[in-house]
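# Tertiary structure, described
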Amino acid sequence: MMGGLATGVSLAQDNQSDVQQKGEENSGIVVQEGTINTANILQGIGGTADFNEAVQTQIGDKNEAFIDQGTEGGEAYYNVATQTQKGDENSADIDQGTRDGYAEGNTATQTQETDYNTAVIDQGDDDGEAYDNVATQYQGGDYNEAFIDQGEDDGYGEGNEATQTQEGDYNEAEIDQGVDGGEAYDNVATQTQPGDENYAEINQGVEGGYAEGNEATQYQEGDFNEALIDQGNDDGEAYYNVATQEQYGDENFAQVDQGNGGDRAEDNVATQQQYGDHNNALIVQGDEGGYAEGNEATQIQEGDFNEATINQGVLDGEAYDNVATQSQPGDENEATIDQGIEGGYAEGNEATQTQEGDENSALIEQGTYDAEAYDNFATQYQEGDYNQATIEQGDNADAEAYDNVATQEQYGDYNEAVLQQGDEGGVAEGNESTQQQYGDYNEARIEQGDDEGEAYDNVITQEQYGEENYAQVDQGDQEGYAEGNEATQYQDGYSNAARAFQGDIEGEAYDNVADQYQEGDENEAVIEQGVEGGEAYDNIAEQEQYGDDNIATIKQGVDGSSSAGSEAIQYQEGDENDAYIFQAGEDNFADQY
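Residues numbered from 1 in each chain as written. Predicted model: local features only at pLDDT ≥ 70, side-chain atom pairs only at ≥ 80, totals over all residues. Heavy atoms only, no water.

## Things to note about the overall build of the protein
How we decide: Strands are runs of DSSP state E lasting at least two residues, helices are runs of H or I lasting at least four, and both sets are numbered from the N terminus onward. The quantity called the radius of gyration is restricted to C-alpha atoms. Its globule counterpart is 2.2 Å times the number of residues to the power 0.38. Relative accessibility thresholds used throughout: buried, under 20% of the residue-type maximum; exposed, over 50%; partly exposed, between the two (1.4 Å probe, protein chains only). By the convention used here, residues are in contact when the closest approach between their heavy atoms is within 4.5 Å. Here the positive residues are Lys and Arg and the negative ones are Asp and Glu; neither His nor the chain ends is included. By convention, the charge on Lys lies at NZ, on Arg at CZ, on Asp at CG and on Glu at CD.
For the protein, the helix and strand inventory stands at 0 helices and 66 strands. The C-alpha atoms of the protein give 32 Å as radius of gyration, which overshoots the globular expectation for 593 residues (25 Å, by more than 25%). Taking all 593 residues of the protein together, 54% fall into the buried category. Once local pairs closer than 6 in sequence are excluded, the contacts in the protein between residues at least 24 apart make up 71%. If the 8 positive side-chain charges of the protein are averaged to one point and the 144 negative ones to another, these points end up 12 Å apart.

## Considering the packing of aromatic side chains
Stated formally: Note on aromatic pairs: the rings of Phe, Tyr and Trp (six-membered ring only in Trp) are paired at centre separations within 6.5 Å, and the planes decide the class, stacked below 30 degrees, edge-to-face beyond 60, tilted for the rest.
All chains considered together, the criterion is met by 22 aromatic pairs. When the centroid spacing of 4.8 Å and the interplanar angle of 5 degrees are considered together, the rings of Tyr143 and Tyr170 count as stacked. Here Tyr170 lies in the loop between strand 19 (161-167) and strand 20 (172-177) and Tyr143 lies in the loop between strand 16 (134-140) and strand 17 (145-150), a separation of 27 residues in the sequence. The exposure class assigned to Tyr143 is partly exposed, which follows from its relative accessible area of 38%. You can call Tyr170 partly exposed: its relative accessible area is 38%. A ring pair is formed by Tyr510 and Tyr537, whose centres lie 5.4 Å apart and whose planes are at 10 degrees; its orientation type is stacked. Of this pair, Tyr510 sits in strand 57 (residues 508-510) while Tyr537 sits in strand 60 (residues 535-537), and the two are 27 residues apart along the sequence.

## Structural notes on the side chain of Asn117
For the record, the criterion: Any pair of N or O atoms that falls within 3.5 Å is considered a polar contact. Within protein, one atom must be able to donate a hydrogen and the other to accept it, and sequence-neighbouring residues count only if both atoms are side-chain atoms.
Here Asn117 lies in the loop between strand 13 (107-113) and strand 14 (118-123). Since its relative accessible area comes to 1%, Asn117 is described here as buried. Separated by 3.1 Å, the side chain of Asn117 and the backbone oxygen of Gly87 make a polar contact. Only 3.3 Å separates the side chain of Asn117 from the backbone nitrogen of Glu89, close enough to count as a polar contact. With residues near it in sequence (within four places) discarded, Asn117 still touches Gly87, Asp88, Glu89, Asn90, Gln112, Gln139, Tyr143, Asn144 and Glu145.

## As for unusual backbone geometry
Backbone geometry at Lys62 places phi at a positive 60 degrees, although glycine is not the residue there. Turning to its location among the elements, Lys62 is positioned in the loop between strand 7 (53-59) and strand 8 (64-69). For Tyr143, which is not glycine, the phi dihedral falls at a positive 60 degrees.

## Digging into the environment of Gln312
Position of Gln312 among the secondary structure elements: in strand 35 (residues 307-312). In this structure the C-alpha to C-alpha distance between Gln312 and Ile540, which are 228 residues apart in sequence, comes to 40 Å. When sequence neighbours within four positions are dropped, the list of residues in contact with Gln312 reads Gln285, Asp287, Ala292, Asn295, Ala297, Ala319, Asn322, Val323, Ala324, Asp338, Gln339 and Gly340. Among the polar contacts listed, one links the side chain of Gln312 to the side chain of Gln339, at a separation of 2.8 Å.

## Re a negative patch on the surface
The cut-off we apply is this: Here, patches come from residues exposed beyond 30% relative accessible area and free of salt bridges, joined within 9 Å for like charges and within 5 Å for nonpolar side chains (Val, Leu, Ile, Met, Phe, Trp, Tyr). Surface accessibility in these figures is a Shrake-Rupley result with a 1.4 Å probe; residues are shielded only by whichever protein chains are displayed. For this analysis, a salt bridge means a side-chain nitrogen from Lys or Arg found within 4 Å of a carboxyl oxygen belonging to Asp or Glu.
A surface patch of like charges, here negative, comprises Asp375, Asp403, Glu429, Glu432, Asp457 and Glu486. Here Glu429 is to be found in strand 48 (residues 427-429).

## Observations concerning the pattern of salt bridges
Under the defined criterion, the tally for this structure stands at 3 salt bridges. A salt bridge links Glu416 to Arg445; the nearest nitrogen and oxygen atoms lie 3.0 Å apart. Within this pair, whereas Glu416 is found in strand 47 (residues 416-421), its partner Arg445 is found in strand 50 (residues 443-448), the two being separated by 29 residues in sequence. On the basis of relative accessibility, which here comes to 24%, the residue Glu416 falls in the partly exposed class. One salt bridge in this structure joins Glu443 and Arg445, with 2.7 Å as the shortest N-O distance. Put simply, Glu416, Glu443 and Arg445 are held in one network by salt bridges that share partners.

## Comments concerning the side chain of Asn550
Position of Asn550 relative to the elements: it lies in the loop between strand 61 (540-546) and strand 62 (551-556). For Asn550, the side chain forms a polar contact with the main-chain nitrogen of Glu522, separated by 3.2 Å. In this structure the side chain of Asn550 is engaged in a polar contact, spanning 3.3 Å, whose partner is the backbone oxygen of Gly547. In this structure, Asn550 is in contact with Gly520, Asp521, Glu522, Asn523, Gln545, Gln572, Glu576, Asn577 and Asp578, ignoring residues within four places of it in sequence.

## Section: the environment of Ile505
By the element assignment, Ile505 lies in the loop between strand 56 (497-502) and strand 57. Judged by relative accessible area, Ile505 falls into the partly exposed class, the value being 37%. Spatially, the C-alpha atom of Ile505 lies 9.6 Å from that of Gln529, the residues being 24 residues apart in sequence. With near-sequence residues (within four places) excluded, Ile505 lies in contact with Gln478, Glu479, Val531 and Glu532.

## Things to note about the environment of Tyr546
With respect to the secondary-structure elements, Tyr546 resides in strand 61. Setting aside chain neighbours within four positions, we find Tyr546 in contact with Tyr517, Gln518, Glu519, Gly520, Tyr571 and Glu573.

## Quick notes on the pairing of strand 47
Stated precisely, the cut-off is as follows: Pairing between strands is defined by DSSP: at least two bridges between the two strands are required.
Of all 6 residues making up strand 47, 5 are buried, and the element is well covered by its neighbours. Strand direction decides the pairing type here: strand 44 (residues 388-393) and strand 47, joined by 6 bridges, are parallel. When the sheet's bridge partners are listed, Gln388 is paired in strand 47 with Glu416. In terms of strand pairing, strand 47 meets strand 50 through 6 bridges, oriented parallel. Along strand 50, the bridge assignment pairs Val418 with Arg445.

So, in structure tokens, the structure goes:
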């Protein structure tokens, strides 16, 4: 049959309208006004449905509308299905090419107004296939639910578009493309929710599935909302996917998972933006034994009391050439980046954190907790007071850190910067560490190969500009081993203190260089190499102080230690300064002027 039209109009309640059509270019139109009505349009069931159109309109409460095109092993090509419902507690369902069916080039549109409504669109589900389909849902009101499935349940979804818009509160929206063992290629999913306490979820190629070239976008405006994007998770794979989340309001939560749960995530991009207070953002790429390579993760939070976390290749996972960036303007925020930690492997990764405000906390971990870190870059920038910045590379429990670069820069007062490489039984080799602090009452600490760890050929630079600051360097201390390391400390201001420890407390120090330079009054500089039962050989210690009432101290191989071939040089310019050099052993050199 070619070209048929079926219509039905009812004005009452408890009515049921059934329209069944086979063939091509059919049209089915049903209009119902009242309550507890049911409308069914079936086109090409068990057969082929081409170029058909189905339209249903229901005005009232507790109504149900169903459109099936090419389902139950059938095929659906270029069909159009439209459902409109105005009222409460209504239900709308569109199936195209489902239940072993095939859906291509179909369009499904649902519109529901008011509260407690449910909308469902299935395209190519239940072992079916879905290509180039378009699904659109709009709900205006509260407590509504919207679901779009494209290529689900071992199905296949390619080139599909799914769009959901919900205006109101307590709504739920979900889009599934190629999930439950299915495959998802080049799909686009978009969700928009203005309102409070809404939930949005997008799944692409998850639960053993495969996701490639997909785009997922979520926008929420309001408070207490939650947004979730999964791409290639739960033993799935994710390649070249893009995930974007944007939230405006307070106490919202956003999460992106790409290639997690034991499989791969490569060349994916995840971006999260949150504007407001008490928000939480999480990006996970290649975690839980998974593999993460070439991924990009970006988080931007503007406001106070926010928390941002990026995980790449953690929990026995692997992370290669990933880029993680976090920006937080505001106060009392927390930022964390983990790359290849907890038994994982991190190589060639970049991590950058920027915080502007007071009482913020920033943490970067690369190859820590029994893990390995190679050729990674970590950068932290903080502007404000009472901030804390920490970088750990190859740290904790036999971890290893090689050829990593770490930089910390802080502007303000009462800030703290901590940098650890190969500590607590770990190994640190060929690393570069730099700390710069501008302000007063700040503290900077760098530890390499400490606590029974090992430190080789590392370079440390600390700079502090201001008053009453403290800088400390530990290389191979506390039964550790330090060889060929360089440590430079520079302080410009008054009442500052600088301390450099290499191979102290039963540790070993060989061929290390420690330089300290201070400008100002009432400063103190201390260098210790191989003291307190340690060993110090062929080390060089130099101190320069310009100002009054300063104290300089160098200890090499003293307090029960052994030492040989070390050099100690001190230079002071000013009044009422004190200089001390303590050396034990043979062939040492000391000079004061």
